[in-house]
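# Report on the structure
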Amino acid sequence: MLTTKKIVTLKPKARRYQITDQFGLALRVQTTGVKSWVLRIPRNGSVKDITLGHWPDISLMQARQMARTKRLELELEPPDSYTLRDAFKFWCSKKKGRILSYRDEKLRLEKYIISKIGNRQLDTITPPLIIRIVEPIEKSGKQSTVKRLLMRTREIFDMSVNAGFISANPIAKITKVFPVPKVKHMPAVDWKELPIVMSQIEALAPPKYRLLFYFSLATLLRPGEVVSIRLNWIDVESITIPAEKMKMKRAHRVPLTPYLKEIIS
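Residues numbered from 1 in each chain as written. Predicted model: local features only at pLDDT ≥ 70, side-chain atom pairs only at ≥ 80, totals over all residues. Heavy atoms only, no water.

## What about the confidence of the model for the protein chain?
- Residues of the protein chain with pLDDT of at least 70 account for 95%, and the chain-wide mean is 87.
- The spread of mean pLDDT over the elements of the protein chain runs between helix H9 (residues 223-227), the lowest at 83, and helix H4 (residues 102-117), the highest at 94. (pLDDT = per-residue confidence, 0-100. Helix = DSSP H or I, 4+ residues; strand = E, 2+ residues; numbered from the N terminus.)

Structure representation (structure tokens):
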């Protein structure tokens, strides 16, 4: 069976040759070095070659999916090809380190989606199938989990379309089936009670927690952003938080006011 690493190492020879992958798919190497994907199928007692395209324009996984689609069209026995688990691994390779919630999103997908239908062919997954999997989660009251699962599963299919593994996203509009979850915000202190809060902080909080509290008020940063602050982000005029540390992936600048300078010093 072929691998991408092996394909890269294939060199032209004096005569054209081809390396078989699986289920009739082969890579043909011309004397010029051009590499073409070919699907060999039985026809009227002989073998017919169908050219699918060139490598690397068409990757190994794309070629396997194209071969599967062609075999289905010709009513031949469908071989194993690109699965949801393959698409999930592709998603992981692109999202790791790029989204702050990557670990939680990955674990959630593995638990609720991949563990159940990860081995299914990507082109056999339909909206009703996803709905049947997600409905029990919704009934258990986990509306936010449903929202995140549908968003990321749809994203996996979108990426598979862009990579050429499927021609269209079958679950592009699946979120319309489920109601938008109601967001319940954390309760906030009424501004009239702030003097009481401040007096309690002064009276009961250890010095480092008082400073952390005042620093948060002076910068209006999120708790996670506050605890991630590094000394090399601070200059004489401002605190600049790098884009990769911010939720919206944009660098954020906080001016150093006299009060904030006093807290830091």
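That shown, we press on.
## Overview of the pattern of salt bridges
- Considering all chains together, one arrives at 13 salt bridges under this definition.
- For the salt bridge of Arg64 with Asp21, the shortest nitrogen-to-oxygen distance reads 3.0 Å. Of the two residues, Arg64 sits in helix H2 (residues 60-73) while Asp21 sits in the loop between strand S1 (17-20) and strand S2 (25-29), which places them 43 residues apart along the sequence. Note on accessibility: Arg64 and Asp21 belong to one class, buried.
- In this structure, Glu73 and Lys70 form a salt bridge, with 3.3 Å as the shortest nitrogen-oxygen distance. Of this pair, Glu73 and Lys70 both sit in helix H2, 3 residues apart, which is roughly one turn of the helix.
- In this structure Glu73 comes out as exposed when scored by relative accessible area, which is 52%.
- A cluster of three or more residues bridged by salt bridges with shared partners is formed by Lys95, Glu105, Arg108, Arg148, Arg152 and Glu155. (Salt bridge = Lys/Arg side-chain N within 4 Å of Asp/Glu carboxyl O. Buried < 20%, exposed > 50% of the residue type's maximum accessible area, 1.4 Å probe, protein only.)

## Brief notes about a nonpolar patch on the surface
- On the surface, Val189, Trp191 and Leu194 cluster together into a nonpolar patch covering about 340 Å² of accessible area.
- Along the chain, the position of Trp191 falls in the loop between helix H6 (143-163) and helix H7 (194-204).
- By relative accessible area, Trp191 is classed as exposed at 63%. (Patch = residues over 30% accessible without salt bridge, like charges linked within 9 Å, V, L, I, M, F, W, Y side chains within 5 Å. Areas by Shrake-Rupley, 256 points an atom, 1.4 Å probe, with all protein chains shown as cover.)

## Some words on the nonpolar core
- Core analysis: the largest hydrophobic core is formed by 33 residues, its most contacted members being Leu84, Trp91, Ile113, Ile117 and Ile130.
- For this core, the secondary-structure elements that each account for two or more residues are helix H3 (84-95), H4, helix H5 (127-139) and H6.
- Of the residues forming this core, the biggest block, 7 residues, is contributed by H6.
- Once residues within four sequence positions are removed from consideration, Ile113 is found in contact with Leu84, Arg108, Gly118, Ile133, Leu149 and Thr153.
- By size, the runner-up hydrophobic cluster in this structure holds 17 residues, among which are Leu10, Leu25, Val29 and Ala67. (Core = buried A, V, L, I, M, F, W, Y, C linked by side-chain atoms within 4.5 Å. Contact = heavy atoms within 4.5 Å.)

## Quick notes on unusual backbone geometry
- Of note, the bond from Trp55 into Pro56 is cis; its omega dihedral lies within 30 degrees of zero at 10°.
- Checked against the element boundaries, Pro56 lands in the loop between strand S4 (46-55) and H2.
- You will see that Phe23, though not glycine, has its phi angle at about 50°, which is positive.
- Along the polypeptide, Phe23 turns up in the loop between S1 and S2.

## A closer look at the packing of aromatic side chains
- Under the criterion given, the structure shown has 3 aromatic pairs.
- Considering the side-chain rings of Phe88 and Trp91, the 6.1 Å spacing of their centres and the 15° angle between planes classify their relative orientation as stacked. Pair noted here: Phe88 and Trp91 are both in helix H3, with a separation of 3 residues, about one helical turn. The burial state of Phe88 is the same as that of Trp91; both residues are buried.
- We classify Trp91 as buried; its relative accessible area is 0%.
- Positioned above the aromatic ring of Tyr17, the side-chain terminus of Lys13 is 4.4 Å from the ring centre. (Phe/Tyr/Trp six-rings, centres within 6.5 Å; stacked < 30°, edge-to-face > 60°. Lys NZ or Arg CZ within 6 Å of the ring centre and 35° of its normal.)

## Section: the packing of H7 against helix H8 (residues 207-219)
- Two elements in contact, H7 and H8, have axes separated by 9 Å at closest approach and are oriented at 145°. Where H7 abuts H8, its residues Val197, Met198, Ile201 and Glu202 lie against Arg210, Phe213, Tyr214 and Leu217.
- Per-class residue counts for the contact of H7 with H8 are 6 nonpolar, no polar and 2 charged. (Axes fitted to C-alpha atoms, helices over the stretch in contact; angles between N-to-C directions. Nonpolar A, V, L, I, M, F, W, Y, C, P; charged D, E, K, R; others polar.)

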